Amino acid sequence: MNETSQTIAPPSVASHLLDRLNEAQRAAVEAADGPVLVLAGAGTGKTRVLTVRLAYILATGRAAPGQMLAVTFTNKAAREMSERIGHLMGRPTDGMWLGTFHAIGARILRRHAELVGLKSNFTIIDQDDQLRLMKQIIEAAGIDEKRWPARMLTTIVARWKDKGWMPDQVPTAEVGDFGHGKALDLYRDYQTRLGELNAADFGDLLLLNLKLFMKHPDVLADYHRRFRYILVDEYQDTNVSQYLWLRLLAQGSKNICCVGDDDQSIYGWRGAEVGNILRFEEDFPGAKVIRLERNYRSTPNILGAASGLIAHNQGRLGKTLWTEAKDDEAGDPVKIQGVWDEAEEARTVGEHIEDLQRKDARLDSMAILVRAGYQTRAFEERLITIGVPYRVIGGLRFYERQEIRDAMAYFRLIRQGDDDLAFQRIVNTPKRGLGDKSLQQLYTIARGRGQSLLSASEEIVTTDELPPQRRAGLREFVESIHRWRAQASHLPPSELAEIVLDESGYTGMWMVDKSVQAPGRLENLKELVRAMAEFESLDEFLDHVSLVMDIDNNSADDMVNVMTLHAAKGLEFDTVFLPGWEEGIFPNQMAIDENGYKGLEEERRLGYVGLTRARKRAFVLYAANRTVHGQWQNNIPSRFIDELPDDHVERGEAAGYGFVQDEGSLWQIAMKRPAYGNRQSNYHRVIEARSQRFGDGQEVYVPVGRGQGVPQTGDRVFHEKFGYGMVKGTDGSKLDIAFDKAGRKKVLADFVKPA
DNA sequence: CGTATATATCTTTTT
DNA sequence: GATATATACG
């Protein structure tokens, strides 16, 4: 097979494709057959190599589109790749298997669902449902969910699935002490329950593929014949189950090409194993390894700063990025700036943005990259204030909103009556007079008969097990579902959606709701109906939602981009703002607590990813104070700031780190940088100061007498509900307060303010 | 049964 | 500060 393909003379299209590639890139494209590992540093034209390689394989007649499998991590990357190949080839890439691991896994699973115990219309459940289900499992097993939270078990099980372990494959040593060693039993229960619900979670999409391939070699052989060329993007982020999946599929043609960069591995917390890169040559003997080291993206200063930072990591494969730019074209150094708090941080970034805007920079050439989602808030507020348009990528996603999830639950139940999770969500939304008690009764009956909630309901409405009034509500619900299901077969999804939302009373529920969010929710529901118009069938739509989770937000509008560092991978911008470089925030304390040195290195790689997103300019900021959980916290600059090489950075004045004035007296805010050893002790200190603006516009920081600490006996306090009062006694954070109007009450300190 | 109020917990990153 | 869960009351 290799011989024949090498004899194919590249048509002119194919040779044209190679024109604008450098030597290493071309080698990576031309090594079309056999296993290839491409180690591609940031900005070395990785996506280009991938897309040209795909086009090249097609253009040289090695494979038809339907014989190619291209796997990415994000839907965004898949979309982009599809567009670029279409552009290169001058026609759309129909028929190619291009998508995320999960999307392709789901597609394969639907075709063979019966072989692994599911029906082909199985539901893909998201985290929220997963958590709900897990909670039910834990409670059913008589375990205290308070002590052993469902969230924790969900993570444990997800990590097992990442490793490719079905319940009977989990090593005894890995079981851990969750619920006194019950985790494995619970995992088993959970899988059983998923089967009953005809549902799969994200991990299952791959895990059940593995099961399918191993139990049915004929099916695997079929895919061996089908997939003649396999391409994998972001290989450093594959977990074991993805790795096993790839290895099984690649055993057929051996034409597998993986592209990755160990320095950009940032999903270890999700089970990714950088080791997969190192294992590649062992698993595919004779694999070609090609390094892309010439960077086309960033200025020498940015590259120098990023390289200097990542050099602090041990155990890298080692790559040296270089660029052709001369030293006199080194570009701006990376600017580092300290600020007082997150508000000033946002203000500073806003000023830089306006400044660049005056120099005719486009807003969409700029990005603010944060460590965690909650950090976007301060920037959003500021950008709104100064009237700069922005878009938040990722963040609070459309399909995670309450009203959208409710609507989806209706559709899910229409498609798939076994979906008890959907049933529970909407059976009494809007209110149908079915409270906890009636539903509990229903659950018991259903469980007793081994039926789904919907089929149990169908029977119950004909008996007198429920009081008449409740029975009527339930009957109405069950009949509606049936009616809609009958309509689903011949109506387009968007029309069906309108009928369902209207007849169920769901839209009506929000129309009478007088809360401030209600109009927005109605707007979102309309948007949902609009989005559904693009789909042929309800099935297609539901799959799209489960796997994509986001509505297409890549409008070409000129807006500043705000997103997490994780979401920024694979993107590039002229100017990048990197706020929140403080110990505890970035590197994130939890990452270090949970994974120690490994966690720290992953954080450092995140920093490297952030810096290398910048083409021309990067700004690093750190704030002395920040509210976390509504409480003030003071932080010291991130160790990563020290690690940036002096040659490529400019360390600005640390505003708010010196003397501030308070009506004539001088206060020194304790912001001198402590020795490293002191960092821990300083981490959670609450600072007692707030900003105050004076007549001349100058802003100063005034220490607050008792701050947000616990009020003492004798203090006057204010409570939202009870009004003013005096503290009569304290018990930890509980206060005994004599309110002027409401009398004596015990209240938590969090609920009162100093008066 | 539904609503209002009171408390608890939470935030790392995502397919 | 926001949102789920627990409790009290109508």
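It should be emphasised that the depicted structure is a prediction, and the values quoted were computed from it without experimental measurement.

About the thresholds
Residues numbered from 1 in each chain as written. Chains lettered and ligands numbered in written order. Predicted model: local features only at pLDDT ≥ 70, side-chain atom pairs only at ≥ 80, totals over all residues. Heavy atoms only, no water. Disulfide = S-S within 2.5 Å. Buried < 20%, exposed > 50% of the residue type's maximum accessible area, 1.4 Å probe, protein only. pLDDT = per-residue confidence, 0-100. Contact = heavy atoms within 4.5 Å. Helix = DSSP H or I, 4+ residues; strand = E, 2+ residues; numbered from the N terminus. Pairing = 2+ DSSP bridges. 1 Å grid on protein atoms, 1.4 Å probe; cavity = no way out; pocket = protein on both sides within 12 Å on 5 of 7 lines; lining within 4 Å. Points joined across faces, edges and corners; volume = space filled by probe spheres on them. Nonpolar A, V, L, I, M, F, W, Y, C, P; charged D, E, K, R; others polar. Near = heavy atom within 4 Å. Polar contact = N/O pair within 3.5 Å; in protein donor to acceptor, adjacent residues only side chain to side chain. Axes fitted to C-alpha atoms, helices over the stretch in contact; angles between N-to-C directions. Core = buried A, V, L, I, M, F, W, Y, C linked by side-chain atoms within 4.5 Å. Salt bridge = Lys/Arg side-chain N within 4 Å of Asp/Glu carboxyl O.

Caption draft 1: Focus on the state of the cysteines. Summed over the entire model, instances satisfying the criterion amount to zero disulfides. For Cys257, which is in no disulfide, the shortest distance to another cysteine sulfur is to Cys258 and amounts to 6.7 Å. Exposure remark for Cys257: the relative accessible area of 1% places this residue in the buried category.

Caption draft 2: Expanded view of the confidence of the model for chain A. Confidence along chain A averages 82 in pLDDT terms, with 83% of residues attaining 70 or more. Within the model, pLDDT remains below 50 along residues 1-9, and this stretch shows twelve contacts once partners closer than five positions in the same chain are excluded. Across residues 656-709, confidence stays below pLDDT 50; counting only partners more than four residues off in sequence or on other chains, it has 93 contacts.

Caption draft 3: Summary view of the pairing of strand 2 (residues 68-72). Among the five residues that make up strand 2, five are buried, leaving the element largely enclosed by the rest of the structure. Residues Met68, Ala70 and Thr72 line one face of strand 2 and the alternating positions Leu69 and Val71 line the opposite face, and both faces are buried. Bridge analysis of strand 2 against strand 6 (residues 229-232) gives four bridges, and the strand direction is parallel. Bridge assignment links Val71 to a residue of strand 6, and that residue is Val232. With four bridges joining them, strand 2 and strand 3 (residues 97-100) adopt parallel strand pairing. The partner of Val71 across the bridge, within strand 3, is Gly99.

Caption draft 4: Structural detail: empty space enclosed by the protein. Per the stated rule, a full pass over the model turns up three cavities of 30 Å³ or more. Roughly 240 Å³ of volume is contained in the largest cavity. Considering the residues around the largest cavity, the lining is formed by 19 residues, among which Ile124, Asp126, Met408, Arg412 and Val545 are closest to the centre. Sorting the residues of the lining of the largest cavity by element identifies strand 4 (123-124), helix 17 (402-415), helix 18 (420-426) and helix 25 (538-548) as the ones contributing at least two each. With five residues, the single largest contributor to the lining of the largest cavity is helix 17. In terms of residue class, the lining of the largest cavity is built from eleven nonpolar, two polar and six charged.

Caption draft 5: Structural view of the protein's contact with DNA strand C. In the vicinity of DNA strand C, the residues found are Lys135, Lys146, Arg377 and His629. Lys135 places a side-chain nitrogen or oxygen 3.1 Å from a phosphate oxygen of DNA strand C.

Caption draft 6: Spatial organisation of the sheet that holds strand 3. Reading across from one edge, 3-2-6-7-1-8 is the order of the six strands in this open sheet, with parallel pairing throughout. Edge positions in the sheet fall to strand 3 and strand 8 (288-292), since each of these pairs with one other strand and no more. Sheet twist, expressed as the average angle between the axes of neighbouring strands with direction ignored, equals 15 degrees. Bridging between strand 6 and strand 7 (residues 256-260) involves three bridges; their strand directions are parallel. The partner of Leu231 across the bridge, within strand 7, is Cys257. Where helix 3 (residues 23-30) meets the sheet, it contacts strand 1 (36-40) and strand 8, and its direction lies at approximately 145 degrees from that of strand 8.

Caption draft 7: Geometry of the nonpolar core. Counting residues in each nonpolar core, the largest one holds 70 residues, and the members touching the most others are Phe213 and Trp245. Ranked by the residues each element gives to this core, the list is headed by helix 10 (residues 202-215), at seven residues. Residues within four places of Trp245 in sequence aside, it is in contact with Leu69, Val71, Phe101, Ile104, Ile108, Leu206, Asn209, Leu210 and Phe213. Grouped together as the second largest cluster of nonpolar side chains are 49 residues, Met408, Ile481, Leu525 and Phe541 included.

Caption draft 8: Structural context of the protein's contact with DNA strand B. What surrounds DNA strand B is a group of 32 residues, the closest being Arg371, Gly373, Arg397, Ser438 and Met590. Take Ser438: an N or O atom from its side chain is 2.7 Å from a phosphate oxygen of DNA strand B. Separating a base oxygen of DNA strand B from a side-chain N or O atom of Glu594 is a distance of 3.2 Å. Mapped by element, the contributors of at least two residues to the surface near DNA strand B are helix 19 (436-449) and helix 27 (589-611). A total of three residues in the surface near DNA strand B trace back to one element, the largest contributor, which is helix 27.

Caption draft 9: Structural view of the pattern of salt bridges. Counted by the stated rule, this structure contains 48 salt bridges. The partner of Arg425 in a salt bridge is Asp406, and the shortest N-O contact between them spans 2.7 Å. Taken together, the residues Arg425 in helix 18 and Asp406 in helix 17 connect sequence positions 19 residues apart. Sharing partners across several salt bridges, the network here consists of Asp126, Asp128, Asp129, Arg132, Arg405, Asp406, Arg412, Asp419 and Arg425.

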